[in-house]
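Listed below are the residues making up each chain.
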Amino acid sequence: MLVRTFALALALVTCGCAIFTETYGIQDVDNWAARNEPLAESGKMKWSEFYSQYLEKVSAAPVISNSPVVERLGIMVTASLYYERGRIDKTAFDSVQGIVRKYQTIDDPAANLLARNALVKALEEGDKAGQSGPARKSESDR
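As the structure is a computational prediction, the values presented were derived from the model and not from experiment.

Asker: What is the right way to look at the packing of aromatic side chains in this model?
Answerer: Both the distance between ring centres and the angle between the ring planes are used here to describe each pair of aromatic rings. Within this structure, the stated rule accounts for 8 aromatic pairs. Between W47 and F50 the ring centres are 5.8 Å apart and the planes differ by 85 degrees, which places this aromatic pair in the edge-to-face class. Note that W47 and F50 are positioned in helix α2 (residues 47–60) at a spacing of 3 residues, about one turn of the helix. The two residues W47 and F50 agree in class, both being buried. Their ring planes at 20 degrees and their centres at 5.7 Å tell us that W47 and Y51 sit as a pair that is stacked. Taken together, the residues span about one helical turn, with W47 and Y51 both in helix α2 at a distance of 4 residues. No difference in accessibility class separates W47 from Y51, as the two residues are buried. Chaining the aromatic ring pairs together yields one cluster made of W32, W47, F50, Y51, Y54, Y83 and F93.

Written out as C-alpha cells, the structure reads:
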C-alpha cells in the first residue's frame, strides 16, 4: 500500500513538472514572438528570418503536440521567402499572414489548408501577372 501511494505521488509530481515545463516553454516562445514581430513589421528583420526563427523555437519547445503550429509556420516561411523574392506581392503575403494570424490559436489542420490554398492562389496569380508583364514590387516595398 505504501509503495502504491508513493508511486501515485511520484506520478503526480512528474506530471506537474511536465505541465510546468510545457507552459513555460510555450510562454517563452510567445514572448519571443511578441518582441520580434514588430521588428519584422518595421522592416528591421526580414519576415523569412522571423518565421524561420519562430519555427526553430516552436520545434524546440517541450510541447505535447505542436504539429499544426509547425506546419503553419512552415507555410509562413515559404510565403515570406516568395514575398521577399517577388513571387507574390504584399497583398498576397498579407492575405496568407492574415489567415495564419486568425487561426493561430486553433490546432486544426483545416486552418493550415486555408493558408496553403491562399499561398497557392497567390502564386498562381503572381505567375499570371508575371506573364502579362507588370513590374514586381521593389525590395523597399516589401
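Moving on from the model shown.
Asker: Quick question: what am I supposed to make of the side chain of E84 here?
Answerer: Relative to the assigned elements, E84 resides in helix α3 (residues 67–84). One buried charged residue, E84, remains without a salt bridge, the closest side chain of opposite sign being K46 at 4.9 Å. At a separation of 2.6 Å, a polar atom in the side chain of E84 contacts the side chain of S48.

Asker: How should I be thinking about the nonpolar core in this particular structure?
Answerer: If you look at soluble globular proteins, the nonpolar side chains tend to sit buried side by side. Counting residues in each nonpolar core, the largest one holds 28 residues, and the members touching the most others are F50, Y51, Y54, I88 and F93. Elements supplying a minimum of two residues to this core: α1 (2–42), α2, α3, α4 (90–102) and α5 (109–132). Element by element, the count of residues in this core is highest for α3, at 6 residues. What I88 contacts, discounting residues up to four positions off in sequence, is A79, Y82, Y83, F93, L119, A122 and L123.

The rules behind each value
- Residues numbered from 1 in each chain as written.
- Predicted model: local features only at pLDDT ≥ 70, side-chain atom pairs only at ≥ 80, totals over all residues.
- Heavy atoms only, no water.
- Phe/Tyr/Trp six-rings, centres within 6.5 Å; stacked < 30°, edge-to-face > 60°.
- Helix = DSSP H or I, 4+ residues; strand = E, 2+ residues; numbered from the N terminus.
- Buried < 20%, exposed > 50% of the residue type's maximum accessible area, 1.4 Å probe, protein only.
- Lys, Arg positive; Asp, Glu negative; His and termini not counted.
- Salt bridge = Lys/Arg side-chain N within 4 Å of Asp/Glu carboxyl O.
- Polar contact = N/O pair within 3.5 Å; in protein donor to acceptor, adjacent residues only side chain to side chain.
- Core = buried A, V, L, I, M, F, W, Y, C linked by side-chain atoms within 4.5 Å.
- Contact = heavy atoms within 4.5 Å.

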